Amino acid sequence: MSIDGIVAIQNLLVELQHRGFKRSSVQSSAKALFMLGALKTSKGDVSCSIEIDRSFRTPPRVKVTDLSKLPTCAPHMGPQGELCYANKGSYVFDIHYPVQQTISLINRAEQVLDKLLCEEMQEDLTDEFFAYWGMDTIFFTDIEKYQTGSLKACINKRGNKSHFFLTDSIERTTKKIKILRQDIIEINVPVFLISTRKEPHPYLENWPIKTLGELINWQRTLDKNMPKKILRKIKKAYKSNKNGCLTLISSPKITYGFIVFFKEGEYREIYSEKLIFPLEILNAAASRLDDKYIIKRNTPNTQTLEGLKLVVIGCGTIGSFLSELLLKAGAGLVNGKLTLFDTDTLGTNNLGRHRLGLSYLGQPKATALEKELKLIMPTCNVSGINNDIRDYNLSEFDIIIDATGDESLGYWIAEKYHSRLPILSIWIEGQGAAIRSLLKTPNNGACYRCLCDYNKKLFFKSVQEEFGQVMTGHGCEGLYVPFPATTSVQAACLAVESIIDFFGNKKLPLIRTRVIDSNFTLGSHDCCPLQLESCPACNS
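Please read all numbers here as calculations on a predicted model, not as lab measurements.

Trainee: So what exactly am I meant to see when it comes to the packing of aromatic side chains here?
Mentor: Aromatic ring pairs are defined here through the distance separating the ring centres and the angle between the ring planes. Counted according to the given criterion, the structure contains 12 aromatic pairs. Plain terms: the ring middles of tyrosine 238 and phenylalanine 262 are 5.1 Å apart, the flat faces sit at 80 degrees to each other, and that makes the pair edge-to-face. Pair noted here: tyrosine 238 is in helix H7 (residues 226-239) and phenylalanine 262 is in the loop between strand S10 (255-261) and helix H8 (273-276), with a separation of 24 residues, a long-range link. A relative accessible area of 1% places tyrosine 238 in the buried class.

Trainee: What should I look at first to understand the sheet that holds strand S17 (residues 434-440) in this one?
Mentor: By way of backbone hydrogen bonds, the strands of a sheet pair with one another, either parallel or antiparallel. Strand order in this open sheet of 7 strands is S14-S13-S12-S15-S16-S17-S18, and the pairing throughout is mixed. Where the open sheet ends on each side, the last strands, each with one partner, are strand S14 (382-385) and strand S18 (511-515). Taken over all neighbouring pairs, the strand axes of this sheet differ in orientation by 15 degrees on average, direction set aside. Strand direction decides the pairing type here: strand S12 (residues 309-313) and strand S13 (residues 337-341), joined by 5 bridges, are parallel. Paired with isoleucine 313 across the bridge in S13 is phenylalanine 341.

Trainee: Is there a simple way to explain the layout of surface pockets in this structure?
Mentor: It is a probe the size of a water molecule, rolled over the atoms, that shows where empty space is left. Approximately 1,500 Å³ is the volume attributed to the largest pocket. Around the largest pocket, the lining is made up of 50 residues, and of these Thr404, Gly405, Asp406, Ile428 and Val481 lie nearest the centre. When residues of the lining of the largest pocket are traced back to their parent elements, those giving at least two are helix H10 (317-328), helix H12 (407-417), strand S16 (423-429) and helix H13 (448-456). Taken together, the residues that form the lining of the largest pocket break down as 20 nonpolar, 15 polar and 15 charged.

Trainee: Teacher, can you tell me more about the pattern of salt bridges here?
Mentor: Proximity of charged atoms lets side chains of opposite charge pair with each other. Going through the model one piece at a time under the given rule, you end up with 27 salt bridges. With its nearest N and O atoms 3.1 Å apart, the salt bridge here joins aspartate 291 to lysine 176. Taken as a pair, aspartate 291 in helix H9 (residues 291-296) and lysine 176 in helix H5 (residues 170-178) lie far apart in primary sequence, 115 residues in all. A relative accessible area of 9% means that lysine 176 is categorised as buried. Here aspartate 501 makes a salt bridge to lysine 506, at a shortest N to O gap of 3.9 Å. By relative accessible area, aspartate 501 is classed as buried at 12%. Judged by relative accessible area, which is 53%, lysine 506 ranks as exposed. Linked through salt bridges whose partners overlap, the residues forming this network are Asp142, Glu144, Asp168, Arg172, Lys176 and Asp291.

Trainee: Would you take a moment to explain the sheet that holds strand S4 (residues 61-64) for this structure?
Mentor: Read across the sheet, 4 strands follow the order S1-S2-S3-S4 without closing on themselves; strand pairing throughout is antiparallel. The two strands at the open ends of the sheet, each matched to only one other strand, are strand S1 (22-23) and S4. Bridging between strand S3 (residues 44-53) and S4 involves 4 bridges; their strand directions are antiparallel. Bridge assignment links serine 49 to a residue of S4, and that residue is lysine 63. In the packing of helix H1 (residues 3-18) onto the sheet, contacts are made with S1, strand S2 (32-41) and S3, and the angle to S2 comes to roughly 30 degrees.

Trainee: What's the story with the pairing of strand S8 (residues 185-195) in this structure? I'm lost.
Mentor: It is a general feature of regular strands that their side chains alternate between the two faces of the sheet. Two elements, strand S6 (residues 149-158) and S8, share 6 bridges in a ladder whose sense is antiparallel. Across the sheet, the residue bridging to glycine 149 is leucine 193, located in S8.

Trainee: Would you take a moment to explain the packing of H1 against helix H2 (residues 98-117) for this structure?
Mentor: Helices that pack against each other are described as a pair by the angle of their axes relative to one another and the distance between those axes. With their axes 9 Å apart at the nearest point, H1 and H2 run at an angle of 35 degrees to one another. For the element pair H1 and H2, the recorded crossing hand is right-handed. In this structure, H1 contributes Ala8, Asn11, Leu12, Glu15 and Leu16 to the contact, and H2 contributes Pro98, Val99, Thr102, Ile103 and Ile106. Among the residues making up the contact of H1 with H2, the classes are represented as 7 nonpolar, 2 polar and 1 charged.

Trainee: Got a minute to help me understand the side chain of serine 251 in this structure?
Mentor: The topology assignment puts serine 251 in the loop between strand S9 (244-250) and S10. Given a relative accessible area of 7%, serine 251 falls into the buried group. In terms of polar contacts, serine 251 uses its side chain to reach the side chain of glutamate 199, at 2.8 Å. Sequence-distant contacts of serine 251, defined by excluding residues within four places in its chain, comprise Thr196, Lys198, Glu199 and Pro200.

Trainee: It is not clear to me how helix H14 (residues 485-503) should be interpreted in this structure. Could you clarify?
Mentor: Given 3.6 residues to a turn, an α-helix orients residues that are three or four positions apart in the same direction. Taking 1.5 Å as the rise per residue, H14 with 19 residues should run 27 Å; its terminal C-alpha atoms sit 28 Å apart, in good agreement. Looking only at H14, the buried set comprises Thr487, Ser488, Ala491, Ala492, Leu494, Ala495, Val496, Ser498, Ile499, Ile500, Asp501 and Phe503. Buried positions along H14 lie against S12, H10, strand S15 (399-402), S16, S17 and S18. Positive backbone phi, approximately 60 degrees, marks asparagine 505, located one or two places after H14.

Trainee: Quick question: what am I supposed to make of the nonpolar core here?
Mentor: Among soluble globular proteins, nonpolar side chains are generally buried collectively. Core analysis: the largest hydrophobic core is formed by 45 residues, its most contacted members being Leu305, Leu310 and Leu326. Of all the secondary structure elements, the ones that give two or more residues to this core are S12, H10, S13, helix H11 (365-376), S15, S16, S17 and H14. Considering every element that reaches this core, the biggest residue donor is H14, with 8 residues. For leucine 326, the contacting residues outside a window of four places in its chain are Leu305, Leu310, Val312, Ala331, Leu338, Ile401, Val496 and Ile499. Counting residues in hydrophobic clusters, the runner-up holds 32 residues, among them Leu13, Leu39, Phe56 and Phe93.

Trainee: Help me understand empty space enclosed by the protein in this model?
Mentor: Counting across every chain of the model gives 2 cavities of 30 Å³ or more. Roughly 60 Å³ of volume is contained in the largest cavity. Asp402, Gly410, Ile413, Ala414, Ile423, Ser425, Leu438, Lys440, Cys447 and Tyr448 are the residues that line the largest cavity. Contributions of two or more residues to the lining of the largest cavity are made by H12, S16 and S17. Per element, the largest residue contribution to the lining of the largest cavity is 3 residues, and it comes from H12.

How each quantity is defined
Residues numbered from 1 in each chain as written. Predicted model: local features only at pLDDT ≥ 70, side-chain atom pairs only at ≥ 80, totals over all residues. Heavy atoms only, no water. Phe/Tyr/Trp six-rings, centres within 6.5 Å; stacked < 30°, edge-to-face > 60°. Helix = DSSP H or I, 4+ residues; strand = E, 2+ residues; numbered from the N terminus. Buried < 20%, exposed > 50% of the residue type's maximum accessible area, 1.4 Å probe, protein only. Pairing = 2+ DSSP bridges. Axes fitted to C-alpha atoms, helices over the stretch in contact; angles between N-to-C directions. 1 Å grid on protein atoms, 1.4 Å probe; cavity = no way out; pocket = protein on both sides within 12 Å on 5 of 7 lines; lining within 4 Å. Points joined across faces, edges and corners; volume = space filled by probe spheres on them. Nonpolar A, V, L, I, M, F, W, Y, C, P; charged D, E, K, R; others polar. Salt bridge = Lys/Arg side-chain N within 4 Å of Asp/Glu carboxyl O. Contact = heavy atoms within 4.5 Å. Left-handed = near helix turned anticlockwise from the far one by under 90°. Polar contact = N/O pair within 3.5 Å; in protein donor to acceptor, adjacent residues only side chain to side chain. Expected span 1.5 Å × (residues − 1). Core = buried A, V, L, I, M, F, W, Y, C linked by side-chain atoms within 4.5 Å.

Below, the structure is given as structure tokens:
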């Protein structure tokens with residue numbers, strides 16, 4: 001430890017001694033300093049111990065040693081009295097003032113403990129439910145509709161480990177497991193899903209729950225209808241001569257469950273609550289694996305693309321990254337459809353800035369990208385078509401996304417579909433100087449051809465300066481526009497943002513520009529350019 005570190009520990013020791021703490025020489029070591037004392041609260045002093053990291057890399061660990069004043073089950077409190085008073089990321093530890101920062105954290109611990117004693121944080125028990133419920137068994141749940149009914153149970157084994165899955169579609173879950181190159185075996189065990197609108201929180205009068213009878217009494221305090229629902233399912237399993245059953249309870253925020261094992265050798269026609277209430281239960285936690293959860297978890301209050309039919313034209317550097325981002329926003333999931341068009345194959349010249357890698361070299365981009373996306377999300381409805389888009393009718397789609405950067409093809413798409421479907425065009429200008437997106441909705445705003453004609457008259461330019469030399473390359477390789485893969489990713493992000501805003505009914509600019517190269521200046525702000533009366537595409 002440095003001289004500064006030793007001085008800081010000595011100063012901290014003096015501060016804590018002034019607060020009535022004493023050093024525990026039995027527990028203290030070269031790495032940690034243990035102090036014994038009490039935290040001050042409005043309900044009186046509470047005995048505790050504080051473990052301080054001598055290097056100040058971790059916050060003080062506070063453990064309440066006198067639990068007599070606390071409720072039977074208190075939020076932010078571990079089973080051995082560990083006090084969770086500050087989540088990681090909720091504070092910044094200033095390494096230049098370790099003594100002051102440590103004292104500040106101990107003060108926060110006192111504030112949290114005071115609220116616990118005053119029972120002001122009981123609602124937090126719901127968010128911390130699994131810390132109290134326990135995780136005797138963890139199940140992966142792949143359930144499309146969390147409604148009361150029956151489920152299937154299956155297991156897959158990998159070495160010495162076994163993973164359990166609960167699903168309402170064995171076929172769908174099998175697709176996900178096969179990506180791991182594993183097989184699943186269906187288990188003949190009754191599994192019931194019961195839904196409730198009430199969130200769980202620990203039953204302060206009797207916790208932890210150990211028997212079925214205790215669980216029924218607890219559920220009655222949450223939702224008076226739950227005991228009947230649970231017992232109806234338990235009775236069904238009991239009379240079926242099964243060894244036990246698993247019940248999964250789905251609340252708006254949390255899904256949890258329990259396993260009850262029936263005693264062998266009983267005559268199952270005789271059913272009574274006196275027989276089953278003493279039965280011990282095994283707590284179960286659920287880890288969601290369903291598509292809706294995966295796509296909505298990171299953006300719970302944002303529009304997703306699930307259930308929509310989208311077509312991406314061009315699976316090059318922009319289209320490849322764009323397709324993956326669309327998928328993770330919900331495209332091709334939950335009865336949706338994502339179709340990819342491209343006539344080209346992946347060459348060595350593409351590898352430096354394409355989403356696909358060397359393993360797909362020489363393969364058609366569209367079908368190769370389809371394979372890659374199905375590895376990411378096995379249940380997605382994605383189709384890659386290695387043909388010219390002009391040979392197909394796109395009327396069934398909810399939006400057309402042109403990621404080709406091909407001006408001529410952009411004219412054709414605008415002429416063909418400008419009055420029938422929304423069209424999102426995304427492209428890169430200059431050698432990655434700027435990225436742009438244009439959304440054309442039926443009978444509203446300028447189309448891609450309109451914008452190109454505007455630009456010829458120096459209206460709505462992306463940047464103020466001239467681009468200069470754009471193409472490079474020679475010989476057999478041919479000409480191309482050099483820019484890094486990061487520019488393609490940014491273009492793909494801009495496109496997805498525009499699409500999500502559109503389907504979220506947000507009234508935002510139809511044309512968006514982002515200057516990437518600091519050597520250039522923004523030429524025009526995001527806006528909604530009007531349709532040109534002279535546009536041959538719009539007037540077709």
